[in-house]
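# Per-entry structural report
Read off the chains here:
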Amino acid sequence: MGYYTDKIEVLKDIFGTENVNLGSEGLLVGKHFYPIVDDVIVLLDPIQYTEPLKKRLKITTDKINNKSSEFAEDIQFTFGEEWQKYSRILPEHKQEFLQYFDLIDMNRIKNKRVCDLGCGIGRWSYFLRDKCKELVLVDFSESIFIARNNLKDSNALFFMCDIKKLPFRDSFADLIFCLGVLHHLPTGALDEVKNLKKYSPLLLIYVYYALDNRPIHFRILFFHVTILRKLVSRIRNPIFRSIFTWFITITGYLPLIELGKILKPFGLSKYIPLYESYNKNTIKRIKQDVYDRFFTNIEQRLSRNQIAALNKEFSTVIISDNLPYWHFLCKR
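What comes next is a walk through the structure. What you see is a predicted model, and the numbers here were worked out from it, not measured in a lab.

### Describing the overall build of the protein
Helix and strand content of the protein: 11 helices and 11 strands. Radius of gyration (C-alpha) of the protein: 20 Å, near the 20 Å computed for a compact globule of 332 residues. Principal axes of the C-alpha set define a box for the protein whose edges measure 65 × 45 × 35 Å. Counting every position in the protein, which comprises 332 residues, the buried fraction comes to 51%. Side-chain charges in the protein split into 48 positive and 38 negative, and the spacing between the mean points of these groups amounts to 3 Å.

Structure representation (structure tokens):
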């Protein structure tokens, strides 16, 4: 519990109450008790606990109130498995970080609190750890424990929590970024963007794009990939997932990337699916995206026009013209 001893005032501010007390086994906020496991404050409802977490807390299923919950357990499982398999922060993650944050003035977050919603292994927060006052990392899967390990000796606080049920006060963060998460929720991604605005005046969001700026053959390929994804995402066997990931990487991604390299001198590489996004990536990084792409059964895709319509809810919506499509900034 020592990790949060000097962070009580910060926790009070995040939860919006003076009634925050640190105990030997967890955090008491008002009448709510939240266990702390390996420096991660667990805010999940017990029905949402992962199997490894139940073992850590020595909780049996019969002690959990099995009430219904709008919660994508299969997505929680997949991301937990994915980030345990791909737990290292890779060199190419830095370039991806710079691409995502092209809309953020780093000088303006120096003394600010920044929240990483759906943080995974903390691969983006890792590059912010010396650029802001405080980091708040939130994830509902086992990956939050990997993020804690990747951000040792940082200014971060770690919460295992459903981002649809944040128990934090309004405007608890100066900037919230949520990259590659909302399109995997069982509810509308744009509705969730609207719901997040009460927590911060500034939101940086990335959602899968609807290939609306691509030729028709991109969408034809996507149609067939979607059918395959819906079939294989049901299979949890780790051996199958490992073999399938290798197979798609070698027979699908790498040939298209090589074709793009061949056609680049003729100015035709932009017409090759996957080339622009992956031509500088290592095989390990590509494999991680293949796993992410095929083993999540919920996937929403949004067009630029759909995102632009958020200007009815926000004072400003800025959509980046750069990769990855589409990431955008909303100002309350």
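The rest of the description comes next.
### Remarks on the pairing of strand E2 (residues 26–29)
The pairing of strand E1 (residues 20–22) with E2 spans three bridges and is antiparallel. Considered in E2, the bridge of Asn21 is made with Leu28. Where E1 folds back onto E2 in an antiparallel hairpin, the turn is made up of three residues. As paired strands, E2 and strand E3 (residues 32–37) are joined by four bridges and run antiparallel to one another. The residue bridging Gly26 from the neighbouring strand is Pro35, located in E3.

### A few points about the side chain of Arg293
Along the polypeptide, Arg293 turns up in helix H10 (residues 283–294). The buried category is assigned to Arg293, whose relative accessible area is 10%. Excluding residues that lie within four positions of it along the chain, Arg293 makes contacts with Phe222, Val225, Thr226, Arg229, Tyr253, Glu299 and Arg301.

### Some words on the packing of aromatic side chains
Per the stated rule, a full pass over the model turns up 24 aromatic pairs. Pairing Tyr3 with Tyr4 gives two aromatic rings, centres 5.0 Å apart and planes at 90°, and the pair type is edge-to-face. Residue Tyr3 shares its accessibility class with Tyr4, and that shared class is buried. On the numbers, 5.3 Å between centres and 70° between planes, the contact of Tyr253 with Tyr278 is edge-to-face. Of this pair, Tyr253 sits in helix H8 (residues 238–263) while Tyr278 is found in helix H9 (residues 275–278), placing the two residues 25 residues apart along the sequence. With a relative accessible area of 7%, Tyr253 lands in the buried category. An aromatic cluster of three or more residues is present, and its members are Phe15, Tyr34, Phe159, Phe168, Phe172 and Tyr199. Positioned above the aromatic ring of Phe145, the side-chain terminus of Arg56 is 4.2 Å from the ring centre.

### Let's talk about the nonpolar core
One finds Leu11, Val138, Phe159, Leu182 and Phe328 to be the most contacted residues of the largest nonpolar core, which totals 96 residues. Filtering out sequence-adjacent residues up to four positions away, Val138 remains in contact with Cys115, Asp116, Leu117, Gly118, Cys119, Ile144, Phe159, Cys161, Ile163, Leu166 and Phe168. In terms of nonpolar packing, the next biggest core, distinct from the first, is built from 14 residues, Phe244, Tyr253, Ile257 and Ile286 among them.

### Remarks on the environment of Phe33
Mapped onto the elements, Phe33 comes out in strand E3. Owing to a relative accessible area of 45%, Phe33 belongs among the partly exposed residues under this scheme. Spatially, the C-alpha atoms of Phe33 and Lys287 are 39 Å apart, while their sequence positions differ by 254 residues. Discounting residues that sit within four places of it in the chain, Phe33 has contacts with Glu25, Gly26, Leu27 and Leu28.

### Thoughts on a nonpolar patch on the surface
A cluster of nonpolar residues, Phe223, Ile227 and Leu231, forms a patch on the protein surface that exposes about 300 Å² of accessible area. As for its placement among the helices and strands, Leu231 is situated in helix H7 (residues 216–232).

### So, the sheet that holds strand E6 (residues 134–139)
Taking strand neighbours across the sheet as the criterion, the 11 strands line up as E1-E2-E3-E4-E7-E6-E5-E8-E9-E11-E10 in an open arrangement whose pairing is mixed. Where the open sheet ends on each side, the last strands, each with one partner, are E1 and strand E10 (316–319). Looking at each pair of strands side by side, their axes are set apart by 20° on average, direction ignored. Where E6 meets strand E7 (residues 156–160), five bridges bridge the pair, whose relative direction is parallel.

### Concerning helix H1 (residues 8–15)
For H1, the buried fraction is high: six of the eight residues fall into the buried class. All of the buried residues in H1 are Ile8, Val10, Leu11, Lys12, Ile14 and Phe15.

Calculation rules
Residues numbered from 1 in each chain as written. Predicted model: local features only at pLDDT ≥ 70, side-chain atom pairs only at ≥ 80, totals over all residues. Heavy atoms only, no water. Helix = DSSP H or I, 4+ residues; strand = E, 2+ residues; numbered from the N terminus. Rg over C-alpha atoms; globule rule 2.2 N^0.38 Å. Buried < 20%, exposed > 50% of the residue type's maximum accessible area, 1.4 Å probe, protein only. Lys, Arg positive; Asp, Glu negative; His and termini not counted. Charge placed at Lys NZ, Arg CZ, Asp CG, Glu CD. Pairing = 2+ DSSP bridges. Contact = heavy atoms within 4.5 Å. Phe/Tyr/Trp six-rings, centres within 6.5 Å; stacked < 30°, edge-to-face > 60°. Lys NZ or Arg CZ within 6 Å of the ring centre and 35° of its normal. Core = buried A, V, L, I, M, F, W, Y, C linked by side-chain atoms within 4.5 Å. Patch = residues over 30% accessible without salt bridge, like charges linked within 9 Å, V, L, I, M, F, W, Y side chains within 5 Å. Areas by Shrake-Rupley, 256 points an atom, 1.4 Å probe, with all protein chains shown as cover. Salt bridge = Lys/Arg side-chain N within 4 Å of Asp/Glu carboxyl O. Axes fitted to C-alpha atoms, helices over the stretch in contact; angles between N-to-C directions.

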